[in-house]
Amino acid sequence: MTQLTTASGIPVNDNQNSITAGPRGPVLLQDFHLIEKLQHFNRERIPERVVHAKGSGAYGTFTVTHDVSKYTKAKLFAAIGRQTETFLRFSTVGGEKGSADTERDPRGFAVRFYTEEGNWDLVGNNTPTFFLKDGIKFPDFIHTQKRDPQTNLKSAQNVWDFWSKAPESLHQVTILFSDRGTPDGYRHMDGFGSHTYSLINDAGERVWVKWHFKTLQGIRNLTAAEAQRLAGVDPDYAQRDLFNAIATGDYPRWSVEIQVMDDARRAAWEAQTGWDAFDLTKVWPQGEFPRIPVGILELNRNPDNYHADVEQAALSPSNIVPGLGYSPDKMLQARLFAYHDAQLYRVGTNHQHLPVNRPRCPFHNQQRDGAMAVANGGAAPNYDPVHADVPAVGGFGHGDAGWPVEGNAGRYDTRATDDHFTQAGNLFRLLTEEGKRNLIANIAGSLSNADAATQDRQIGHFLKADTAYGQGVAEAIRALQNQA
Ligand code: HEM
């Protein structure tokens, strides 16, 4: 049996009885073991993530199966068969840390690749799109998804009030209320990088890219009724499913694939469609931009300690490695700031020193000290010596050529002229009859809890996407009201 010790390694001979003055007490201040135990217990919680608080994580391996070196010089893709250690955290978005896994919500799909050139984090969702196209609206949107400030209840009124006044959300709302809004655990859904990113090859040429993770377990969704039942009887359904699958050697796998657009193609496609290739509310049609296979991601190791590895994991879309790049997407640009900032508060100044966050390759910088500095650079200089004999490798951005920008600095509102409806309508028309029925019933069940003006505004958006969509929702709400 392991000897119990204090945190300082001192053997503890009795962990059942406090030191007291006499058998009935009082308790003596000198019982340091008791005090340390209570003190540490009082400090066990760190703030939960401001979004995506409920989640599950696992380690795994990414293996390259196809040569994409003509698009990217990133070393992790340099040879077929090359393997990179990965970590993936799945999550729901709006619920608290103790909320149910099966709630209707997008699912987070945040992958870290521990590459030989540093950590690459692709922090995506199980949806190819999002509700917004400008990060300035994100805090307001999330406030409507969380609890009302007065009632402390989730509010369908707040949710639909926001969406009905943000028609750019329509595409993602359609995905969310379809059967895909309640995936059967985390293994049976796809993942997406969602944003447009870039790939840069050895010649410095940039192409725009979207990342896809296609589940090899097959897509499986829960019905709304089953998701609701599980929320009651097994709120940790997805955590249990993932942990048990990995523990029994049934390792979940995803095919990692990309869609690619060079800049000339981007300009032509934008001119032809009127859509913006960097707009997160839009997909790139796969008929025109077919998926190209890259590799296989397998999850094969449960973390030993949930708090250390999953709760303290701090992934950020700003973490990209040479050969990969960002795009002008306004949402992405906001996220490049938001994550590290959140983690400085949530986990601490030196969150990158923790084992789950620390790069697997050597790393050197001049950031020093602060709370819990456990990888503090040893005796290495704490300033940049700027040696003349060290070759310049380019600044952050990896020395790659940038992309051209145009126009005056300002706040641009394109919502009046943007097309929010065609892609949402296309998705509706793609659904099976049963899929359409479920979508309409799921929306009506929720939207019927909002006031009449909000319902009308939102139905107006559905009608613009597809008449049958709008009429279907309006009729379903009327039927619910007649039942009541
Ligand atoms: C988590 C902000 C949009 C996916 C977070 C966190 C913040 C945040 C602050 C918590 C980070 C932490 O404490 O570790 C934002 C902002 C957004 C935005 C400001 C818009 C401007 C998105 C989008 C996606 C996304 C578009 C998906 C495409 C995620 C995921 C997590 C997360 C998956 C959880 C990461 C993990 O598992 O640790 N977001 N987010 N977010 N966000 Fe976002």
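Residues numbered from 1 in each chain as written. Predicted model: local features only at pLDDT ≥ 70, side-chain atom pairs only at ≥ 80, totals over all residues.

Trainee: Outline the overall build of the protein chain, listing residues and values.
Mentor: Counting its secondary structure elements, the protein chain contains 13 helices and ten strands. Computed over its C-alpha atoms, the radius of gyration of the protein chain comes to 25 Å, within 12% of the 23 Å expected for a compact globule of 484 residues. Buried positions account for 38% of the 484 residues belonging to the protein chain. A fraction of 73% describes how many contacts in the protein chain between residues 6 or more apart in sequence connect residues 24 or more apart. (Helix = DSSP H or I, 4+ residues; strand = E, 2+ residues; numbered from the N terminus. Rg over C-alpha atoms; globule rule 2.2 N^0.38 Å. Buried ≥ 20, exposed ≤ 12 C-beta atoms within 10 Å, placed from the backbone. Contact = placed C-beta atoms within 7 Å.)

Trainee: Before we move on, could you go through the nonpolar core and cite the residues and values that matter?
Mentor: Counting residues in hydrophobic clusters, the biggest one holds 55 residues, and the most contacted among them are Leu88, Val111, Val207, Val209 and Leu324. When sequence neighbours within four positions are dropped, the list of residues in contact with Leu324 reads Thr72, Ala74, Trp120, Tyr197 and Leu199. Formed by 32 residues, the second largest nonpolar core is a distinct cluster that contains Leu132, Phe177, Leu427 and Ala465. (Core = buried A, V, L, I, M, F, W, Y, C linked by C-beta atoms within 7 Å.)

Trainee: Which residues make up helix H13 (residues 467-483), and what are the values?
Mentor: Helix length check: H13 (17 residues) gives 24 Å between terminal C-alpha atoms against 24 Å at 1.5 Å per residue, within 8%. Restricting attention to buried positions, one finds in H13 the residues Tyr469, Gly470, Gly472, Val473, Ala476 and Ile477. With its buried residues spanning 165 degrees around the axis, H13 presents them on a single face. Set apart from the buried face of H13 by more than 90 degrees, the exposed residues are Thr467, Glu475, Arg478 and Asn482. Check the buried side of H13 and you find it contacts helix H10 (422-430), helix H11 (433-447) and helix H12 (452-465). (Expected span 1.5 Å × (residues − 1). Arc of directions from axis to C-beta.)

Trainee: Residues and numbers for H12, please.
Mentor: Given a rise of 1.5 Å per residue, 14 residues ought to cover 20 Å, and the 20 Å separating the end C-alpha atoms of H12 matches this to within 8%. Of all the positions in H12, only Thr454, Gln455, Gln458, Ile459, His461, Phe462 and Ala465 are classed as buried. Seen along its axis, H12 keeps its buried residues to an arc of 155 degrees; they face one direction. When the buried face of H12 is taken as reference, the exposed residues oriented beyond 90 degrees from it are Ala452, Ala453, Asp456 and Gly460.

Trainee: Quick one: what's the story with the pairing of strand E9 (residues 292-301), residue by residue and with numbers?
Mentor: Sheet topology note: the strand E1 (residues 55-64)/E9 ladder contains six bridges and is antiparallel. Bridging from a neighbouring strand, Val64 pairs with Gly295 of E9. (Pairing = 2+ DSSP bridges.)

Trainee: Just give me the short version of the site of the ligand, but keep the residues and values in it.
Mentor: What surrounds the ligand is a group of 27 residues, the closest being His52, Arg89, Gly108, Gly135 and Ser194. Listing elements by their share of the shell around the ligand, those giving two or more residues are strand E2 (83-92), strand E3 (107-115), strand E4 (118-125) and helix H9 (330-346). Considering each element in turn, the shell around the ligand owes the most residues, eight residues, to H9. Classifying every residue of the shell around the ligand gives 14 nonpolar, nine polar and four charged. (Near = placed C-beta within 6 Å. Nonpolar A, V, L, I, M, F, W, Y, C, P; charged D, E, K, R; others polar.)

Trainee: Could you give an account of the environment of Thr92, naming the residues involved and the relevant values?
Mentor: Along the polypeptide, Thr92 turns up in strand E2. By C-beta crowding, Thr92 is classed as buried, having 23 other C-beta atoms within 10 Å. Measuring from C-alpha to C-alpha, the distance between Thr92 and Arg253 comes to 20 Å, with 161 residues separating the pair along the chain. With sequence-adjacent residues up to four places away left out, Thr92 is seen in contact with Lys54, Ser99, Asp101, Glu103, Asp105 and Arg107.

Trainee: Any details on the packing of helix H4 (residues 170-177) against H10? Residues and values, ideally.
Mentor: Two elements in contact, H4 and H10, have axes separated by 8 Å at closest approach and are oriented at 25 degrees. By the angle class used here, H4 and H10 are roughly parallel. Here H4 runs over H10; the crossing is left-handed. From H4, Leu170, His171, Thr174 and Ile175 reach across to H10, where they touch Gln423, Ala424, Leu427 and Phe428. (Axes fitted to C-alpha atoms, helices over the stretch in contact; angles between N-to-C directions. Parallel < 35°, antiparallel > 145°, perpendicular 65-115°, else oblique. Left-handed = near helix turned anticlockwise from the far one by under 90°.)

Trainee: Give a description of the packing of helix H2 (residues 138-145) against helix H3 (residues 156-164) that names residues and reports values.
Mentor: It is at 7 Å that the axes of H2 and H3 come closest, and there the two elements cross at 150 degrees. Relative to H3, the element H2 lies roughly antiparallel. The residues of H3 that touch H2, namely those facing Asp140, Phe141, Thr144 and Gln145, are Asn158, Val159 and Phe162. For the contact of H2 with H3, the per-class residue count stands at three nonpolar, three polar and one charged.

Trainee: Talk me through the confidence of the model for the protein chain; I want residue IDs and the actual numbers.
Mentor: Put simply, the protein chain has an average pLDDT of 96, and 97% of its residues get 70 or more. In the model output, the complex is listed with pTM 0.97 alongside ipTM 0.98. (pLDDT = per-residue confidence, 0-100.)

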